[in-house]
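Take a look at the letters that make up each chain.
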Amino acid sequence: MKYLDLHKYLKGMKKQVLLLNQDNSPLNIITIGKAFKLLSRDKVYGDETSAECYEVVSVSKIVKIPKVLILKYYVKLPYKKAAASRKNILRRDSYCCQYCGTTLHNDNATIDHITPRCKGGSSSWINMVTSCKKCNLFKGSKTLKEAKMELKNKPKEPSYGFLFESMLITFRKQKNA
Ligand SMILES: [Zn+2]
């Protein structure tokens, strides 16, 4: 398998690698494909002798990719606001319907706009909550008042640290799987 083929192959894998800054502080969770790219460009290092490695078997050799990589240079993090993406909203709300309190999974959770988009509601942290399909359907394009519904928690923008922590938890879960 040539370099390019291997890279293409890794790109399709969902395995994750923890990327640390030069000072060992956690920076990001990256895909194994990106990890391989950084390794082959000599931008990171990791302990390839440790048991904490992914082993990718190609035609001619076994490629070891450490589950934790450290950058060879220091990256100064700009203040970054976490995106109000579906995934992040679900994480903030702990996959809990903010109307009835039901615990949801990724495939049955929906995102509800508190003030409906058709009434000028924005797609922001404070206007979006996790909702089960039933509550979302019931609320429809009504406002909270019109639907006579109440929120379990007042939605707010989480800190970057909170989101990073939940990323790490997901990573640990995958690692232990
Ligand atoms: Zn619900």
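Data block above holds the structure.
As a starting point, this report considers the structure included with it.

**Section: the coordination of the zinc ion**
Ideal geometry at a metal centre gives angles of 109.5 degrees when four donors are arranged tetrahedrally and 90 or 180 degrees when six donors are arranged octahedrally. At 2.3 Å from the zinc ion lie its protein donor atoms, namely Cys 97 (SG), Cys 100 (SG), Cys 132 (SG) and Cys 135 (SG). One can describe the site at the zinc ion as tetrahedral: its four donor atoms subtend angles covering 101 to 116° at the metal. Spacing between the donor residues of the zinc ion along their common chain follows C-x2-C-x31-C-x2-C. Of this pair, Cys 97 sits in the loop between helix H3 (86-92) and strand S7 (109-113) while Cys 135 is found in helix H4 (residues 133-139), placing the two residues 38 residues apart along the sequence. We classify Cys 97 as buried; its relative accessible area is 0%. Given a relative accessible area of 12%, Cys 135 falls into the buried group.

**Remarks on the pattern of salt bridges**
Here the idea is simple: oppositely charged side chains can pair when their charged atoms come close. With the rule as written, the count across this model stands at five salt bridges. A salt bridge links Lys 72 to Asp 42, with the nearest nitrogen and oxygen atoms 2.6 Å apart. Of the two residues, Lys 72 is situated in the loop between strand S6 (68-71) and H3 and Asp 42 in the loop between helix H2 (32-40) and strand S3 (44-45); the sequence distance between them amounts to 30 residues. Judged by its relative accessible area of 38%, Lys 72 is partly exposed. Across the pair Lys 64 and Glu 55 runs a salt bridge, and its minimum N-O distance is 3.6 Å. Classification of Lys 64 by relative accessible area gives partly exposed; the value is 31%.

Thresholds, definitions, all that
- All residue numbers refer to positions counted from 1 along the written sequence of the respective chain.
- A pLDDT threshold of at least 70 governs which residues receive local features in this predicted model, and a stricter bar of 80 or more applies before side-chain atom pairs are shown or counted, although totals over entire chains, interfaces and linings include all residues.
- Hydrogens are left out, water is left out, and the side-chain values use all remaining heavy atoms of the structure.
- Coordinating N, O and S atoms are those within 2.8 Å of the metal (3.2 Å for Na, K and Ca), and as water is not part of the atoms, a site may appear to have fewer donors than expected.
- Angular criteria define each label, namely tetrahedral for four donors with all angles between 85 and 135 degrees, square planar for four and octahedral for six donors with opposite donors over 155 degrees apart and remaining angles between 65 and 115, and irregular for whatever fails these tests.
- By definition, any uninterrupted DSSP run of H or I lasting at least four residues is a helix, any uninterrupted run of E lasting at least two residues is a strand, and each is numbered from the N terminus.
- Each residue gets one of three labels from its accessible area relative to the maximum for its type: buried under 20%, exposed over 50%, partly exposed in between, using a 1.4 Å probe on protein chains only.
- Any carboxyl oxygen of Asp or Glu that lies within 4 Å of a side-chain nitrogen of Lys or Arg is treated as forming a salt bridge with it.

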